[in-house]
Amino acid sequence: MRSIALPLVLSLVLASSACSATLMTGDADGIPANGVELVATVQSRASSGDSVTIRFTNTGTRTAFMSRCGAGPLILVQTFVGGEWTGGVQNFACVTPAAPGPVRLEPGESLVVATILSEPGRHRFRTPVGNLEDLSDVTQAASNAVDIP
């Protein structure tokens, strides 16, 4: 398993707002794409927001490719409003890529990315995933939901 620390993500999201938070499982299962599943888990709580990890696991039989944001995959955050998922925007700046091309995830491989959620509401994470390196077959994977009071 690889672990990717994104200090810029933490500081920028942390600066967005401050509140205490709890995690509840929203949608029991996320939406896998091209063999990749995303699972969001709260690691700790603080007055400035919840520390959340997103585990990307390739449960498929083919190599998966994800759009790159710095050293890790591009992560889009959605909020559940009025009975539907809205947004799907990147709420932080990507640093210069650590490597060229998309992030590669081999069958059976996992990687973990950490972030802070401090905005109240129900949230989930999305990322574009393809089985072709040029991402021409990309579909969106989505994590389970997390609730921030």
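What counts, and at which threshold
- Residues numbered from 1 in each chain as written.
- Predicted model: local features only at pLDDT ≥ 70, side-chain atom pairs only at ≥ 80, totals over all residues.
- Heavy atoms only, no water.
- Core = buried A, V, L, I, M, F, W, Y, C linked by side-chain atoms within 4.5 Å.
- Buried < 20%, exposed > 50% of the residue type's maximum accessible area, 1.4 Å probe, protein only.
- Helix = DSSP H or I, 4+ residues; strand = E, 2+ residues; numbered from the N terminus.
- Contact = heavy atoms within 4.5 Å.
- Salt bridge = Lys/Arg side-chain N within 4 Å of Asp/Glu carboxyl O.
- pLDDT = per-residue confidence, 0-100.

Considering the nonpolar core
Note on soluble globular proteins: their nonpolar side chains tend to be buried together.
Part 1 of the reasoning: One finds Val36, Phe56, Met66, Leu111, Phe125 and Val129 to be the most contacted residues of the largest nonpolar core, which totals 22 residues.
Part 2 of the reasoning: Elements represented by at least two residues in this core include exactly β2 (36–46), β3 (49–58), β4 (64–66), β9 (103–105), β10 (110–117), β11 (121–130) and β13 (146–148).
Part 3 of the reasoning: In contact with valine 129, not counting residues within four places along its chain, are Ala33, Asn34, Val36, Ala64, Phe65, Met66, Asp137, Val138, Thr139 and Ala141.

Looking at the environment of arginine 45
Part 1 of the reasoning: Among the structural elements, arginine 45 can be located in strand β2.
Part 2 of the reasoning: As a C-alpha pair, arginine 45 and leucine 117 span 72 residues in sequence and 9.7 Å in three-dimensional space.

With respect to the pattern of salt bridges
Part 1 of the reasoning: Overall, the coordinates contain 3 salt bridges when judged by the stated rule.
Part 2 of the reasoning: For glutamate 133, the salt bridge identified is with arginine 104, shortest N-O distance 3.8 Å. One end of the pair, glutamate 133, is in the loop between β11 and β12 (139–142); the other, arginine 104, is in strand β9, with 29 residues separating them in the sequence.
Part 3 of the reasoning: Look at the salt bridges and you will find they share partners, linking Arg104, Glu106 and Glu133 into a network.

As for the environment of alanine 98
Part 1 of the reasoning: Mapped onto the secondary structure, alanine 98 falls in the loop between β8 (84–89) and β9.
Part 2 of the reasoning: When its relative accessible area of 61% is taken as the criterion, alanine 98 is described as exposed.
Part 3 of the reasoning: The spacing of alanine 98 and glycine 70 is 28 residues in sequence and 5.8 Å in space, taken between C-alpha atoms.
Part 4 of the reasoning: Residues contacting alanine 98, with those up to four places away along its chain left out, are Gly70 and Ala71.

Quick word on the side chain of serine 143
Part 1 of the reasoning: As for its placement among the helices and strands, serine 143 is situated in the loop between β12 and β13.
Part 2 of the reasoning: Overall, serine 143 belongs to the buried group, its relative accessible area being 1%.
Part 3 of the reasoning: Serine 143 has contacts with Gly30, Leu38, Ala40, Arg124 and Phe125, leaving out every residue within four places of it along the chain.

Describing unusual backbone geometry
Part 1 of the reasoning: Look at asparagine 34: it is not a glycine, yet its phi comes out positive at around 45°.
Part 2 of the reasoning: Assignment of secondary structure puts asparagine 34 in the loop between α1 (7–14) and β2.
Part 3 of the reasoning: With relative accessibility at 24%, the residue asparagine 34 sits in the partly exposed group.
Part 4 of the reasoning: Even without being glycine, leucine 135 reaches a positive phi, approximately 60°.
Part 5 of the reasoning: Note on leucine 135: relative accessible area 21%, which makes it partly exposed.

Observations concerning the confidence of the model for the protein chain
Part 1 of the reasoning: Looking at the protein chain, the pLDDT average stands at 79 and 77% of residues meet or exceed 70.
Part 2 of the reasoning: Per-element confidence in the protein chain ranges from a low mean pLDDT of 32 for α1 to a high of 97 for β4.
Part 3 of the reasoning: A low-confidence stretch, residues 1–28 (pLDDT under 50), is modelled with 81 contacts involving residues beyond four sequence positions or located in other chains.

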